[in-house]
Amino acid sequence: MQKKISAIVITGNGTNCEMEMAHACRLAGFDQVDIVHISELLCGTKRLDDYDFLNLPGGFLDGDDLGSAKAGANRILHADVAGGQERLYDQFARFIAAGKLILGICNGFQLLVKLGMLPGLDGVYDRQTVTLVFNDSGRFEDRWVYLHVDPDSPCIFTRGLHGLYLPVRHGEGKFVPQDTATLERLKRQKLIALQYSDALCQEATMDYPANPNGAVDGIAGICNETGRIFGLMPHPEAYLHRTNHPRWTREELPEEGMGLSFFRNAAAFLRIN
Amino acid sequence: MASRIEIGFKKGIRDALGERIKKRIIEHLGIHVDSVKTLEVYTLDGPLAPEDLEKAANGPLSDPIIQEIAINHELAQGFDWLIEVGFRPGVTDNVGKTASEAVTLLAGKTVRVYTSRQYAISGIRDRCDLDTLTRMDAERIASELLANDLIQRYDIIDGKNWNPDAGMKPYIPRVIGEDRPRTEVIDLAVSDAELVRISQERVLALTLEEMRILRDYLKDETILARRREAGLGPQMTDAEIECLAQTWSEHCKHKIFNARIAYHDGEGAVREIDSLFSTCIKKSTREIREQMGADDWCLSVFVDNAGIIRFNNDWNLVFKVETHNSPSALDPYGGALTGIVGVNRDPFGCGRGAKLIFNTDVFCFAPPDYAKPLPKRILHPRRIYEGVREGVEHGGNKSGIPTVNGCLVFDERYLGKPLVYCGTGGIMPARIAGEPTHTKEILPGDLIVMTGGRIGKDGIHGATFSSEELHEGSPVTAVQIGDPITQKKMTDFLLVARDRGIYRAITDNGAGGLSSSVGETATLSGGCELDLKQAPLKYPGLNPWEILISESQERMTLAVAPETIDEFLALARTMDVEATVLGRYTDSGWFHIRYGEETVVYLEMAFLHDGLPQMNLRAAWTPPRHPEPDFPEPADLGGALKEMLSRLNICSKESVVRQYDHEVQGGSVVKPMTGVVNDGPSDAAVIRPLLDSFEGIVVANGICPRYSDIDAYHMAACAIDEAVRNAIAVGASLDRMAGLDNFCWCDPVRSEKNPDGEYKLAQLVRANEALYAITTAYGVPCISGKDSMKNDYQIGETRISIPPTLLFSTLAKMEDVRKAVTMDVKKPGDLVYVLGETYRELGGSEWYALHGAIGNDVPQVHTETAKRLYQALSLAIQAGLVASCHDCSDGGLGVALAETAFAGGLGLTVDLRTVPTEGITRDDDLLFSESQSRFVVTIRPDDREAFEAALAGSAFARIGQVTAEDLLRIDGLGGKRIIDEELAVLKAAWQKTLAF
């Protein structure tokens, strides 16, 4: 019998892409997919420990009022789970230690970065070393971008992929590392799984709007050293069917949208690991 | 003790906001500055130790990678002027609220945080190192760009006297008021003049006649006896008068739409109209529903906060469009933000409550490059444009609702009041626990529960204020700022509560606050009893009447059965949403409001809702006659086309569109921009609300206020036709298409200061008659609507009235979204068709406007031929015969051809001689006539026979072919090439105007 796999999609406090992210998990074959409000985690009726795949969707946690996902990160770091036995953060730490998969999209990526879970160099998951800041354009933008995939990245989610075309929808997506040493390590360890690129998905680009936010080295998504935690600014859950593609009325496209491949990779990995 | 934490960018980190502000200072104010640096300031009020401040500053309040912090000293240095902008007391500070929660959680102590922002500005040094930036420049930058005096305060600090170590004194914008709530009685047994004075002073917006009705109500002995029992005397309380003023306001009661009107048609005949709402709008819907018989898919029309139609057996759709014009004139950002989150609550508070699935926004502004002197209290149109755009961006994006469609309309007469139309659609299960969801029921004994935000003084008199023109004394409190995240938390909670069946009914708190939400829902049980003292307040110091009518945002009112109240309140607590029982619904027949034990309102429900007599108005129509423009046909029609493409009402709106998230929720099918490089203008939006189904929704709008200058009948007819044809163009059909009417008018009631009121009312009558005629002809029923009747500005001698404007919005069901069509040409060799007849209809057109003229031949809708064409085209699209389809609207055929070509990145060769026309002799007339019900369509050559067969019976012609060249080539009526333009050049002309 096949191993049962389950996914949790966290919502609440301004998250807003939970529905389509859960839909992606279902299409990818997860046996159980729960959209869980963060209050259910805080009051202890749900626990991260009961799941294999943690989804942190896009949105505006607490309005991104203190900078994207800042107040959300503060809550995870400091809020107690009812009963006072542990903080919510402890469940996250246990989840990572158990080698389970985490995917953060857009606001979820911002959250992982501000928590210090990405890139999580040397297995340190509570110290922030990179960030995502306001787009160079100074504005929120919704536009589709081409993405180059590093074939040598340890990232579980991008396995077997070459290039993608996905929408970005953010005002704070410019990737900035704390220093060149950090950037060099990301490169050396192939943690830069995704870069904004030319239309052939081959060369990373700094040209606006192909690189929609001015991200350093065109970085669109990074993973941790185990490849099991992955965050990206573009929205794969917004391209699950060909009719999501901006040019589906003029191009021959496969029925299934490209964004689903990340979720399929996650499911395939969890089935055998 | 209060402390200040400042956050700034580290050296070398780009300050995108500062750069944007710099650009605006230079471009909008013409002041040359060298640099602008921004700093965030948090003022913390609470018992925090130095280590708490350290933790807060380095924790949630800053980003250690890019930012640096300063606690109780200053970061800014090396500037000429420092401007710090913060909120006035009581103004919603969303960032401050989030910071309060974050720091309270972190420190384990209750802290209040207030935010402000610093702009450190440096001028350009000339060679002599003279100051080039004066204090006056700094004042202008602060007052005309950075701060809105109504809601914000600012300090300007001279860089020469700056000592960063001294630190600035923390300022806490706390509302300091006497907390001695009291209720006054107001003597209405006074002269007429005194009654008028009372109405004006309290911003009641009640007429003398209405004030007299209030006065006379208290002459009834039985009423007085009942009042005595309740503890009230023979005089009205302030709370009663305020409550009646809200309920009877034009905004809430639609007095003009319900008035009895004597319509003088200008040819000696007089017609009596007993309510435009009943005889035009409701009548049309009723007749269409009768025609549909058993197939009637309308579920709830005109009775609830929004209209409800059937989507399929399991789901219903809900739709509403609102305006938020008056507040947006005073504070564009807050007004528009409140507009969008406000209209969100309409579908949300409709029936049992709907999940919100799309927004659609239409803004009418004066031109952003307006260069004449501004009348008093009016903000520059560019500031309105940016503020409204940003307010709706924050409201829509942060709520997680895709903005799928919209448009921008420009006319100088929107200088006095911009129009900010915000629409929202929702979806609800058709049944919950076996019960239908589109109706509302409340039983006596059900509890009145308020949930979401708290009540402050914000939004007081919003309903009555928008029922007047904008004037000198327009109240500041009517302006407020929405909080999308508080609302999102509340709607997340209420959707869970809805699906658990733990409330009975829901409605929103909008105009008139509790007085309206409870007043209206209490009609379902027959009365209520409510204690205002239970209501959670933002700050102390509110009087009972203020609590009753405050329009503080993000609040819903619910009827909860006593047996589910514990579960309801427990769920609210768990999900961190405030919910408070304020009272209960009764069947007493009385609207009974207490403050603690003291009764402050005791009014008969019947008087509250039906005490207002019908208004009697006179309308007089005199058809205007404008000079016919007299200009020769231009020799360079290619140049003319480029000029047209650059016009504000035609040009690309991509810079705005991209700033709205149009794809969240994952069901985007036809996006606002389309084509080979995603930058052509779609006619309508298509979305898939259920991700496991291919059933879809089409959303479109129609608006053409310029035609009102000739005849508001045709303005309305054309707006409706445009909304319908836009929907048809992407693949909708007339079979399941609903409409929403949204009238924004200039005051149609004659008075001394409004001498042409009777003409404006005649325009309103004619627009409504058009609405009846066109909607019944197409079988598109209105399911909800809205009117805003006082879109005028009057200060001193200056009066600015908007052109009468109808926004018509359509919502259609599409069985299979995979059949949808976009407007971009697809392949070389495809055949180009024009569908529909072109008449010489340039009155009110963009072409005439370009020549400074209005003309008289306004486009007219021929419903019989149009309907036949729409039905045929729908079937052709369903059959997959159409490769691209674009409607002809502003700028006519010429603009539609150019857009179709450059969106697809392929050329066209077109021969105008084949276009079906009547009365056209000039090429420019043919290119730019705005005749209605026309499309440009391209098809694959193989489909020619089937397509032409499908269209048989309608006017259409094959006019050319798609080419692989980068050229739009048009041959004119004389057989000569009249346009030969590169697509890139045409597109550049279309894109440049609003590319800021």
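Rules behind the numbers
Residues numbered from 1 in each chain as written. Chains lettered and ligands numbered in written order. Predicted model: local features only at pLDDT ≥ 70, side-chain atom pairs only at ≥ 80, totals over all residues. Heavy atoms only, no water. Helix = DSSP H or I, 4+ residues; strand = E, 2+ residues; numbered from the N terminus. Rg over C-alpha atoms; globule rule 2.2 N^0.38 Å. Buried < 20%, exposed > 50% of the residue type's maximum accessible area, 1.4 Å probe, protein only. Contact = heavy atoms within 4.5 Å. Areas by Shrake-Rupley, 256 points an atom, 1.4 Å probe, with all protein chains shown as cover. Lys, Arg positive; Asp, Glu negative; His and termini not counted. Charge placed at Lys NZ, Arg CZ, Asp CG, Glu CD. Buried area = accessible area lost by both parts, 1.4 Å probe. Salt bridge = Lys/Arg side-chain N within 4 Å of Asp/Glu carboxyl O. Polar contact = N/O pair within 3.5 Å; in protein donor to acceptor, adjacent residues only side chain to side chain. Nonpolar A, V, L, I, M, F, W, Y, C, P; charged D, E, K, R; others polar. Pairing = 2+ DSSP bridges. Core = buried A, V, L, I, M, F, W, Y, C linked by side-chain atoms within 4.5 Å. Axes fitted to C-alpha atoms, helices over the stretch in contact; angles between N-to-C directions. Domains from an automatic or database assignment. Expected span 1.5 Å × (residues − 1).

### A short note on the overall build of chain A
Point 1. Along its length, chain A carries 7 helices and 11 strands.
Point 2. Compactness check: chain A gives a C-alpha radius of gyration of 17 Å against a globular reference of 19 Å for 273 residues, within 12% of the reference.
Point 3. Dimensions of chain A along its principal axes, counting C-alpha atoms only, are 55 × 45 × 35 Å.
Point 4. Looking at chain A as a whole, 68% of its 273 residues are labelled buried.
Point 5. Across chain A, contacts joining residues at least 24 apart in sequence account for 75% of those joining residues at least 6 apart.
Point 6. Here chain A has roughly 9,000 Å² of accessible surface; of this, 49% comes from carbon and sulfur atoms.
Point 7. Across chain A, the mean location of the 27 positive side-chain charges is 3 Å away from that of the 34 negative side-chain charges.

### A short note on the interface of chain B and chain A
Point 1. Across the contact, 63 residues belong to chain B and 58 residues belong to chain A.
Point 2. Taken over both partners, the interface formed by chain B and chain A buries close to 5,000 Å², and the fraction arising from carbon and sulfur atoms is 55%.
Point 3. Of all residues in chain B, B:Ile65, B:Arg658 and B:Glu663 give up the largest surface area on contact with chain A, accounting jointly for 12% of the area buried on that side.
Point 4. Linking chain B to chain A there are 6 salt bridges.
Point 5. For B:Arg818, the salt bridge identified is with A:Glu255, shortest N-O distance 3.9 Å.
Point 6. Remark: the boundary between chain B and chain A carries 26 residue pairs in polar contact (both at pLDDT 80 or more).
Point 7. Breaking the side of chain B that touches chain A down by element, the ones donating at least two residues are helix H1 (16–29), helix H3 (94–107), helix H13 (381–399), helix H15 (484–500) and strand S27 (668–670) of chain B.
Point 8. Per-element accounting of the side of chain B that touches chain A gives the leading share, 8 residues, to H3(B).
Point 9. Residues of the side of chain B that touches chain A, tallied by class, amount to 24 nonpolar, 20 polar and 19 charged.

### Let's talk about unusual backbone geometry
Point 1. The omega torsion across A:Leu118 and A:Pro119 is -5°, close enough to zero to call that bond cis.
Point 2. As for its placement among the helices and strands, A:Pro119 is situated in the loop between helix H5 (107–115) and strand S5 (130–133).
Point 3. Of note, the bond from A:Tyr208 into A:Pro209 is cis; its omega dihedral lies within 30 degrees of zero at 0°.
Point 4. In this structure, B:His254 is a non-glycine residue whose phi angle is positive, near 50°.
Point 5. Inspection of the secondary structure assignment puts B:His254 in the loop between helix H9 (250–253) and strand S9 (260–264).

### Considering the environment of A:Glu172
Residue and element names in this part refer to chain A.
Point 1. Relative to the helices and strands, Glu 172 resides in the loop between strand S7 (163–170) and strand S8 (174–177).
Point 2. Its relative accessible area of 11% is what places Glu 172 among the buried residues.
Point 3. Placed 68 residues apart in sequence, Glu 172 and Leu 240 show a C-alpha to C-alpha distance of 24 Å.
Point 4. Apart from the residues within four sequence positions on either side, Glu 172 is in contact with Asp 64, Gly 67, Ser 68, Gln 110, Leu 132, Val 133, Phe 134, Asn 135 and Met 233.
Point 5. Engagement of the side chain of Glu 172 in a polar contact is seen with the backbone nitrogen of Ser 68, the distance being 3.0 Å.

### What to know about the pairing of strand S1 (residues 2–9) of chain B
Residue and element names in this part refer to chain B.
Point 1. Of all the 8 residues making up S1, 7 are buried; the element is thus mostly covered by neighbouring parts of the structure.
Point 2. In this structure, S1 lies alongside strand S2 (residues 33–45), joined through 6 bridges in antiparallel fashion. Its bridge partner being in S2, Ile 5 is matched across the sheet by Tyr 42.

### As for the nonpolar core
Point 1. A:Phe30, A:Phe53, A:Phe157, A:Phe230, A:Phe262 and A:Phe263 are the most contacted members of the largest nonpolar core, which totals 84 residues.
Point 2. Looking at this core, the element that brings in the most residues is helix H7 (residues 260–272) of chain A, giving 7 residues.
Point 3. With 80 residues, the next largest nonpolar core counts B:Phe257, B:Ala719, B:Val724 and B:Ala732 among its residues.

### A short note on the sheet that holds strand S23 (residues 579–585) of chain B
Residue and element names in this part refer to chain B.
Point 1. If you walk across this open sheet you meet the 7 strands as S20-S22-S19-S23-S21-S24-S25, and the pairing is mixed. Here the strands that pair on one side only, and so sit at the sheet edges, are strand S20 (505–508) and strand S25 (598–604). Between one strand axis and the next, the sheet turns by 25° as a mean value, whatever way the strands run.
Point 2. Pairing of strand S19 (residues 447–452) with S23, which is carried by 5 bridges, proceeds in the antiparallel orientation. Within S23, the residue paired with Met 450 across the bridge is Thr 580.

### Details of the domain arrangement of chain B
Residues and elements named next belong to chain B.
Point 1. According to the domain assignment, chain B contains domain 1 (2–161), domain 2 (179–260 + 442–612) and domain 3 (821–996).
Point 2. Taking only C-alpha atoms into account, the centre of domain 1 sits 39 Å from that of domain 2.
Point 3. Of the residues lining the interface, 9 residues belong to domain 1; the matching set on domain 2 comes to 10 residues.
Point 4. Roughly 750 Å² is buried in total at the junction of domain 1 and domain 2, and carbon and sulfur atoms are behind 52% of that figure.
Point 5. The salt bridge involving Lys 97 is made with Asp 483; its shortest N-O contact spans 3.6 Å.
Point 6. Viewed at the interface, domain 2 and domain 1 are joined by 2 residue pairs in polar contact (both at pLDDT 80 or more).
Point 7. Counted by class, the side of domain 1 that touches domain 2 contains 4 nonpolar, 3 polar and 2 charged residues.

### Looking at helix H3 (residues 70–78) of chain A
Point 1. Across the 9 residues that make up H3(A), a large majority, 7, are buried.
Point 2. All of the buried residues along H3(A) are A:Lys70, A:Ala71, A:Gly72, A:Ala73, A:Asn74, A:Arg75 and A:Ile76.
Point 3. Residues of H3(A) that are buried sit in contact with helix H2 (38–42), helix H4 (88–97) and H5 of chain A together with H3 of chain B.

### Focus on H15(B)
Residues and elements named next belong to chain B.
Point 1. Taking 1.5 Å per residue as the helical rise, H15 with its 17 residues ought to reach 24 Å, and the 24 Å between its terminal C-alpha atoms agrees with that figure.
Point 2. With 14 of 17 residues buried, H15 lies mostly within the body of the structure.
Point 3. Among the residues trailing H15, Gly 501 stands out with phi positive, at a value near 70°.

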